[in-house]
Each structure stands twice: as C-alpha cells, then as structure tokens.
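Structure assessment
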Amino acid sequence: MEHITLYLQLMAGAFGFCILAIWLKELIQLGTALLLSPKFGFKLHHFSMFGFEFRKQDGKWECSRGRHSLLIQSMPTVDLTQHHEPEELERMEKQLEAVRILILLAVIGILFALTFPSMLRLLHADGSILSALPAGLGIGMVWHSLVTLGIRLYVYGVMMKKLPGYVQSLLKRLRAGERFGEMGLRPIETLPYKNPSQMEKMFYYSFYIPAMIETGQIGALQQPIREMTAYYRDRDYVIADTGNYYWLVFYYSRYELNPTAATHFLNRIRPTLEKDKDVNARRVLAYYAFGIEQDFPKARQYLEDAYAVLEKCPSVGERELERKLLRDLDGFLKAKGF
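These lines cover the structure that appears in this document, whether it is placed above or below. These figures come from a predicted structure and were not determined experimentally.

1. Observations concerning the sheet that holds strand β4 (residues 60-65)
Here we have four strands laid out as an open sheet, ordered β4-β3-β2-β5, and antiparallel in their pairing. Of all the strands in the sheet, the pair left with one neighbour each is β4 and β5 (72-74). Each strand axis lies, on average, 20 degrees off the axis of its neighbour in the sheet, ignoring direction. Pairing of strand β2 (residues 46-49) with β5 involves three bridges; the strand directions are antiparallel.

2. Considering the packing of helix α4 (residues 163-175) against helix α5 (residues 198-214)
At their nearest, the axes of α4 and α5 sit 9 Å apart, and the two run at 25 degrees to each other. It follows from the interaxial angle that α4 and α5 lie roughly parallel. Regarding α4 and α5, the two cross each other, and that crossing is left-handed. Judged by residue contacts, Leu163, Pro164, Tyr166, Val167, Leu170, Leu171 and Leu174 of α4 engage Glu200, Lys201, Phe203, Tyr204 and Phe207 from α5. Along the lines of polarity and charge, the residues of the contact of α4 with α5 split into 10 nonpolar, no polar and two charged.

3. Re the pattern of salt bridges
Following the criterion strictly, the structure yields 17 salt bridges and no others. A salt bridge links Glu227 to Lys201; its shortest N-O distance comes to 3.6 Å. One end of the pair, Glu227, is in helix α6 (residues 222-232); the other, Lys201, is in helix α5, and 26 residues separate them in sequence. Given the relative accessible area of 16%, Glu227 is considered buried. Taking relative accessible area as the criterion, Lys201 reaches 16% and is therefore assigned buried. Residue Glu322 is joined to Arg283 by a salt bridge in which the shortest nitrogen-to-oxygen separation is 2.7 Å. On the criterion of sequence distance, the pair formed by Glu322 in helix α11 (residues 316-335) and Arg283 in helix α9 (residues 279-291) is long-range, its members being 39 residues apart. In this structure Arg283 comes out as buried when scored by relative accessible area, which is 2%.

4. A few points about unusual backbone geometry
We note that Asn195 has phi near 50 degrees; this positive angle belongs to a residue other than glycine. Within the secondary structure, Asn195 sits in the loop between α4 and α5.

5. Describing the side chain of Arg282
Assignment of secondary structure puts Arg282 in helix α9. One polar contact links the side chain of Arg282 to the main-chain carbonyl oxygen of Leu273, over a distance of 3.3 Å.

6. Some details on the nonpolar core
Counting 63 residues, the largest nonpolar core has Leu185 and Tyr204 as the members making the most contacts within it. Only α4, α5, α6, α7 (242-254), α8 (259-275), α9, α10 (296-309) and α11 provide two or more residues apiece to this core. When neighbours within four sequence positions are excluded, Leu185 is seen to be in contact with Tyr166, Leu170, Tyr204, Phe207, Tyr208, Ala211 and Met212. Formed by seven residues, the second largest nonpolar core is a distinct cluster that contains Ile28, Leu104, Ile108 and Leu111.

7. Concerning α8
If you look at α8, its biggest bend is around 75 degrees, right at Ile269, and the proline Pro271 turns up within four residues after that. Taken as a whole, α8 has its buried residues at Ala261, Ala262, Phe265, Leu266, Arg268, Ile269, Thr272 and Leu273. Elements that come into contact with the buried residues of α8 comprise β2, β3 (52-57), α6, α7 and α9.

8. A short note on the packing of aromatic side chains
A complete count under the given rule lists 20 aromatic pairs for this structure. Aromatic pair Phe180 and Phe207: ring centres 6.2 Å apart, planes at 55 degrees, arrangement tilted. Taken together, the positions of Phe180 in the loop between α4 and α5 and Phe207 in helix α5 put the pair 27 residues apart, joining distant regions of the chain. You'll find Phe180 and Phe207 in the same group, each marked buried.

9. Details of the packing of α7 against α8
Put simply, α7 and α8 touch, their axes get as near as 9 Å, and they point 140 degrees apart. By the angle class used here, α7 and α8 are oblique. Of the two possible hands of crossing, α7 and α8 adopt the one that is left-handed. Of α8, the residues touching α7 (which contributes Thr242, Tyr245, Tyr246, Leu248, Val249, Tyr252 and Ser253) are Ala261, Ala262, Phe265, Leu266, Arg268, Ile269, Thr272 and Leu273. Of the residues assigned to the contact of α7 with α8, the class counts are 11 nonpolar, three polar and one charged.

10. Regarding the pairing of β4
Consecutive side chains of a regular strand alternate in pointing toward one face of the sheet and then the other. Looking at chain direction, β3 and β4 are connected through six bridges and run antiparallel. Bridge pairing links Glu53 to Ser64 in β4. Linking β3 to β4, which pair antiparallel, is a turn of two residues; within it Asp58 sits at a positive phi near 50 degrees.

Analysis parameters
- Residues numbered from 1 in each chain as written.
- Predicted model: local features only at pLDDT ≥ 70, side-chain atom pairs only at ≥ 80, totals over all residues.
- Heavy atoms only, no water.
- Pairing = 2+ DSSP bridges.
- Helix = DSSP H or I, 4+ residues; strand = E, 2+ residues; numbered from the N terminus.
- Axes fitted to C-alpha atoms, helices over the stretch in contact; angles between N-to-C directions.
- Parallel < 35°, antiparallel > 145°, perpendicular 65-115°, else oblique.
- Left-handed = near helix turned anticlockwise from the far one by under 90°.
- Contact = heavy atoms within 4.5 Å.
- Nonpolar A, V, L, I, M, F, W, Y, C, P; charged D, E, K, R; others polar.
- Salt bridge = Lys/Arg side-chain N within 4 Å of Asp/Glu carboxyl O.
- Buried < 20%, exposed > 50% of the residue type's maximum accessible area, 1.4 Å probe, protein only.
- Polar contact = N/O pair within 3.5 Å; in protein donor to acceptor, adjacent residues only side chain to side chain.
- Core = buried A, V, L, I, M, F, W, Y, C linked by side-chain atoms within 4.5 Å.
- Bend = angle between axes of the 7 residues up to and from the residue.
- Phe/Tyr/Trp six-rings, centres within 6.5 Å; stacked < 30°, edge-to-face > 60°.

Structure, rendered in structure tokens:
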C-alpha cells in the first residue's frame, strides 16, 4: 500500500509540474496578451486553446474546431492601424514583453507561497496525494516560467544580433510602407550570418518568398520551398507558422501544381484558413480552388471575397502584392470564362 501511495503522489506531482503548470503559465500569457497588447501598439486577433481556434473578425471573436491539441498558443502582432514610428514600436514591444514577464513572475511568487506548505509536507514524508498536486504545480510554475524568461533574454540578447535581428529590421521596413520587392533580399546563403538554424531560415523565408514573387523571380523559390516543405511536413502546426503554411499551399496551387503537397499543408491549417477572412487567406483558398480543385466558380467566389477586404490590409507592401496576385487570378478565371 505504501508503494501505491508513493506512486500516486509521484503521478500527481508530475501532472502538476508537466501539465497544470504549463497550462496556467500559458493562460497567464494569453490573458496579458489580450489585455495589454492594445496599450503597446499590438493586438491579439488569433489564439488556440486545446484544439479550438479563436479568431477576431470585424470586432467579434469566432470559435472553430481545429486539430486536436493540448496546447494553448497565442502570439500578439503589430496593430498596423495604429501609426507609430519603427523605433517607437520597437521600444513599445520591449515594454510589453517586460510587463508581461513581470506579471508572470508576480503570479509565480504568489503561487509559490501558497503551495510552499504542500512542498514542506512532502519533504517530511507526511504529505498526501492531494498535497503532491499543488506542490508539483508550484515547482512547475517556477521552472517553466524561468525557462520562458531565459528564452526571452536569449531572443533579445543573442538572436537579435543574428539572422532574426535582420528579419526584425525587414518587418520594420514593411511596417513603414516599403514593398517586398524594394528590400533587395538575397538568397540566404549569401547573407553575412553563419550557420542559421532551420527556424531562423523560416523567419527569413516569410519575407524572401513574397519578395521573389513580387519581382517575378519564381525560379528562386524552389530551394526555400523545398526546405520549408521538409521542415513543416511532419511538424505540429503552431500559430506563429501560419503565414508560411499559407505560402506553401499557394505555391503548390499556383507555380508548381502538386495536389498532394497543397492538400497536405492545407489540411494542416484548414480550420484556421477557412475561418480567416483576411485577403491573404481568401487568396490562398481561391488559388487552391482554381489550381488544385479546378472549381472555377468557387475560385471566383473566393476571389471576390478577397477583393472585398483588400483595402483593409493595413500594410502597403502586403496590400500591393495581394492586389497583383488577385489580378493574376482574375485574368486566369476570365480566360476560362468565369
């Protein structure tokens, strides 16, 4: 019986450490993102929770069923409807992250104090199964939050001096109204950044791919698309990668017709894509309907949906690229009599 009790205590503690602590940490991060982002020039318009996708459309939150997941994911993005200088926006982004971390650490301190008696009881071998759960939760919150803090410090202290820092500068230029084709982007192997990780390459490709499309250098897409295909083929979908999934579905529906690849990546993000009313999502669906499904009336409807929201795209560079791609598809459909 004593062995069974010890086993159950270990299981309860592990559940608190590995599951409940991560959920609570992510819920705190989600809450601070929702409440604080607008005050710092950012917004949270999309997050997922336990397989449910939440997206803000026309000021209202919509919920849809996504892929089964035990994760909570959220990522604030710049609110381009607010007009801030790039330097001011960078400062506000750091302030937002600092405030969110401070709130997280404050909650950890309170929770650690509340669960400390349970930890002491376990150390003195007089704790119960019920005391193992809060003890594991308290220890887990401290551990996972310190890991989060370490990641933030690494990102801002180390990664910003490498390829991700260059990508961040490209984002600033895009926010300032520069078009993708004006950025002078080069193949990643010609950039002065040694041994970038695959993740870092994916960040860069989210700018490189639209730049090559805008300037008509379609042949230059083959290498990054192959790398992205291999990288994302068997990975679990996370919100931060949405844009690259969109580019994969679009590429395999427009430039290199590949029903298997296009459908594979579309299925990975189908709930998100179908609920997304923004112009880039409607454009991806339109090209998929045209190139893969050969359903020209459906492609025309998605195209009209995309045109209807085109001017809502706040970034000049993204808006003009979308306009070009929509015009191309409009011509293809008219040639088919639609």
